[in-house]
Amino acid sequence: MPEETPQNGLSESAASGLAYITIIPAIIFLVVAPYNQSANIRFHCWQSISLGIVAFALGVIGIIPILGWLIFFVGMLGLFIVWIICVIKAFGGERFVIPLIGPFAAKQAGV
């Protein structure tokens, strides 16, 4: 009977998917040793942080009455859809490169 070796930490796809939950796991995965070695995990972390920055910018735009509220609502709805796609793809072990944000994340991750 073969001996099972215990796995240390999360799998690459689990860490990539968890990076999208908030920016806190993304930052942690960029700092902690076994996870920051993987270019795939670094890519998802940087893309998640970039999505957080875009969400913050939309929140600032949302302060502006009427037009800002409209931009905020449409932008956050689109961002939510893109976020769901990213989470599903990351847990599946794939990459979904968001236009404008994805190439920046790839450059930061060294991919």
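Just above, that's the structure.
Residues numbered from 1 in each chain as written. Predicted model: local features only at pLDDT ≥ 70, side-chain atom pairs only at ≥ 80, totals over all residues. Heavy atoms only, no water.

### A look at the packing of aromatic side chains
Inspection of every chain in the model, using the stated rule, returns three aromatic pairs. Residues tryptophan 46 and phenylalanine 104 carry aromatic rings whose centres are separated by 6.5 Å and whose planes lie at 85° to one another, so their mutual orientation is edge-to-face. Within this pair, whereas tryptophan 46 is found in helix 4 (residues 39-61), its partner phenylalanine 104 is found in helix 6 (residues 101-109), the two being separated by 58 residues in sequence. For phenylalanine 104, a relative accessible area of 38% puts it in the partly exposed group. Positioned above the aromatic ring of phenylalanine 43, the side-chain terminus of arginine 95 is 4.8 Å from the ring centre. (Phe/Tyr/Trp six-rings, centres within 6.5 Å; stacked < 30°, edge-to-face > 60°. Helix = DSSP H or I, 4+ residues; strand = E, 2+ residues; numbered from the N terminus. Buried < 20%, exposed > 50% of the residue type's maximum accessible area, 1.4 Å probe, protein only. Lys NZ or Arg CZ within 6 Å of the ring centre and 35° of its normal.)

### Topic: the environment of proline 34
Tracing the sequence through the fold places proline 34 in helix 3 (residues 33-36). Taking the C-alpha atoms as reference points, proline 34 and leucine 58, separated by 24 residues in sequence, lie 33 Å from one another.

### Focus: the side chain of glutamine 47
Assignment of secondary structure puts glutamine 47 in helix 4. A distance of 2.9 Å separates a polar atom in the side chain of glutamine 47 from a polar atom in the side chain of tyrosine 20. Not counting the four nearest positions on each side in its chain, glutamine 47 is found in contact with Tyr20, Cys86, Phe96, Val97, Ile98, Ile101, Gly102 and Ala105. (Polar contact = N/O pair within 3.5 Å; in protein donor to acceptor, adjacent residues only side chain to side chain. Contact = heavy atoms within 4.5 Å.)

### Remarks on the packing of helix 4 against helix 5 (residues 67-91)
Across the interface, helix 4 lies against helix 5 with an axial gap of 9 Å and an inter-helix angle of 165°. The angle between helix 4 and helix 5 places the two elements in the roughly antiparallel class. At the point where helix 4 passes helix 5, the crossing takes the left-handed sense. Contacts from His44, Gln47, Leu51, Val54, Ala55, Leu58, Gly59 and Ile61 in helix 4 reach Gly68, Ile71, Phe72, Gly75, Met76, Leu79, Val82, Trp83, Cys86 and Ala90 in helix 5. Considered class by class, the residues forming the contact of helix 4 with helix 5 number 13 nonpolar, five polar and no charged. (Axes fitted to C-alpha atoms, helices over the stretch in contact; angles between N-to-C directions. Parallel < 35°, antiparallel > 145°, perpendicular 65-115°, else oblique. Left-handed = near helix turned anticlockwise from the far one by under 90°. Nonpolar A, V, L, I, M, F, W, Y, C, P; charged D, E, K, R; others polar.)

### Brief notes about the layout of surface pockets
Its boundaries defined by the atoms lining it, the largest pocket holds a volume of some 150 Å³. Of all the elements in the fold, those that place two or more residues in the lining of the largest pocket are helix 4 and helix 5. Among the residues making up the lining of the largest pocket, the classes are represented as eight nonpolar, three polar and no charged. (1 Å grid on protein atoms, 1.4 Å probe; cavity = no way out; pocket = protein on both sides within 12 Å on 5 of 7 lines; lining within 4 Å. Points joined across faces, edges and corners; volume = space filled by probe spheres on them.)

### Overview of the environment of lysine 89
Considering the arrangement of structural elements, one finds lysine 89 in helix 5. For the pair formed by lysine 89 and glycine 75, sequence separation is 14 residues and the distance between their alpha carbons is 21 Å. With sequence-adjacent residues up to four places away left out, lysine 89 is seen in contact with Glu94 and Phe96.

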